Amino acid sequence: MSGRPLAIQAVGLGKRFGRHWALAHVDLDVSAGASLLVAGANGSGKTTFLRLVAGLHRPTRGSLGVFGHDTVTDRLECRRSLTLISHAACLYDGLTPRETLRTWARLGNGGRDGAGGQSEDMLEELLSEAELADRGDAFVAGFSAGMRKRLSLLRLRLEKPRLLLLDEPFSALDVEGRRLVEGWIRGFREQGGTVVIASHDLERTAPLCDSALVLERGQMAWAGSAEEVAARREGTV
């Protein structure tokens, strides 16, 4: 254990939906500034874990803290510290990319008018980074899966969380899109941010992370370095 404060602390964490335990008996510490890969097959509990940390689910059992705040009793304080970018691109089809970025900026600014402290030039730079500037006024409804993914991941650049939660960030992206997102994640880490990535793409994700956790049927099956989990790919994940 390093001397850094904890970004995430889970003790006996469990989540049940009906009779099914989606997650059970999870004990985990993630230091501030660290990066964690959460691996496992579909249905292993990866997304449930991220949604618990984000305060979108309430634990059925155990406790869960984010930067020292309980995710149930201090839910709003926890939410202010983090950004969750889900596997599915949660976008409004009736908005354009420019309108989407302005909306996110305003929401991040407490709903005040304007672009949440972000200049229009900055928003244009973000669209250019994601190679969406030429489609900035087109409706999202007509976008490909890869374009929608790049737009959703611009929250990584727009918002300034202490903790970033990413669910399958490389899905639906082409080679250039994956390289772009890799660079964004590395830049976020270089600024001292904490990252948790749930992913099947171990070859691409492991080099971005310090440690790894493998879930099987909602329980911790293995934990170690991210390099080790990549080597254990066959027969484990």
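Located above this text is the structure these notes cover.
None of these values were measured; they are calculated from a predicted model.

The next point concerns the packing of aromatic side chains. Here the structure, examined in full by the defined rule, presents zero aromatic pairs. In this arrangement the basic side chain of Lys15 is found over the ring face of Phe17, its NZ or CZ atom lying 5.2 Å from the centre. The ring centre of Phe67 lies 3.7 Å from the NZ or CZ of Arg162, which sits over that ring.

Despite not being glycine, Phe67 shows a phi value in the positive range, around 50°. In the Ramachandran plot, Ala172 falls in the positive-phi region, its phi being about 70° despite a non-glycine side chain. Along the chain, Ala172 turns up in the loop between strand 7 (163-167) and helix 7 (175-190).

One pass over the full model with this rule turns up 11 salt bridges. Across the pair Arg157 and Glu129 runs a salt bridge whose closest N-O atoms are separated by 2.6 Å. Placement of Arg157 in helix 6 (residues 155-158) and of Glu129 in helix 4 (residues 120-129) is noted, with a sequence separation of 28 residues between them. A salt bridge links Arg179 to Glu176; its shortest N-O distance comes to 2.9 Å. Pair noted here: Arg179 and Glu176 are both in helix 7, with a separation of three residues, about one helical turn. Here Glu176 falls in the partly exposed class, since its relative accessible area comes to 45%. Each of Arg98, Glu124 and Asp137 takes part in a single network of salt bridges with overlapping partners.

It is worth spelling out the sheet that holds strand 2 (residues 20-31) at this point. The sheet built from four strands is open, its strands ordered 2-1-4-5 with antiparallel pairing. This sheet does not close on itself; its edge strands, each paired only once, are strand 2 and strand 5 (69-70). As defined by bridge partners, strand 1 (residues 6-17) adjoins strand 4 (residues 61-66) across five bridges and the pair is classed as antiparallel. Counted as the bridge partner of Ile8 is Val66 from strand 4. On the sheet, helix 1 (residues 46-53) packs against strand 1, strand 2 and strand 4 and is oriented at approximately 120° with respect to strand 1.

Take the pairing of strand 9 (residues 211-216) next. Bridge count for strand 3 (residues 35-39) against strand 9 is four bridges, and the pairing is parallel. Each residue of the ladder has a partner; that of Leu36, found in strand 9, is Ser211. Hairpin connection of strand 9 to strand 10 (residues 219-225): two residues between the antiparallel strands, including Arg217 at a positive phi of 50°.

Attention shifts here to helix 5 (residues 145-153). Within helix 5, eight of the nine residues are buried, which leaves it mostly tucked inside the rest of the structure. What helix 5 keeps buried is the set Gly146, Met147, Arg148, Lys149, Arg150, Leu151, Ser152 and Leu153.

The rules we used
One numbering rule holds for all chains: residues counted from 1, following each sequence as written. Local features are withheld for residues below a pLDDT of 70 in this predicted model, meaning they are given only at 70 or higher, and side-chain atom pairs are given and counted only at 80 or more; totals for whole chains, interfaces and linings count all residues. Values reported for side chains reflect all heavy atoms of the structure, with hydrogen atoms and water molecules removed beforehand. Aromatic pairing here means that ring centres of Phe, Tyr or Trp (its six-membered ring) are within 6.5 Å. Orientation follows from the plane angle: under 30 degrees is stacked, over 60 is edge-to-face, and everything else is tilted. Here, over-ring charges are defined by two tests on the NZ atom of lysine or the CZ atom of arginine: distance to the ring centre within 6 Å, and angle to the ring normal within 35 degrees. Secondary structure elements are taken from DSSP: a helix is a run of H or I of four residues or more, a strand is a run of E of two residues or more, and numbering for both begins at the N terminus. By definition, a salt bridge exists where a carboxyl oxygen of Asp or Glu is found within 4 Å of a side-chain nitrogen of Lys or Arg. Here's how the labels work: a residue is buried when its accessible area is under 20% of the maximum for its type, exposed when over 50%, partly exposed in between, all with a 1.4 Å probe on protein chains only. Pairing between two strands requires that DSSP report at least two bridges joining them. Residue contacts are counted whenever heavy atoms from the two residues lie within 4.5 Å of one another. All axes are obtained by fitting lines to C-alpha atoms, using only the stretch in contact for helices, and the reported angles, taken between N-to-C directions, cover 0 to 180 degrees.

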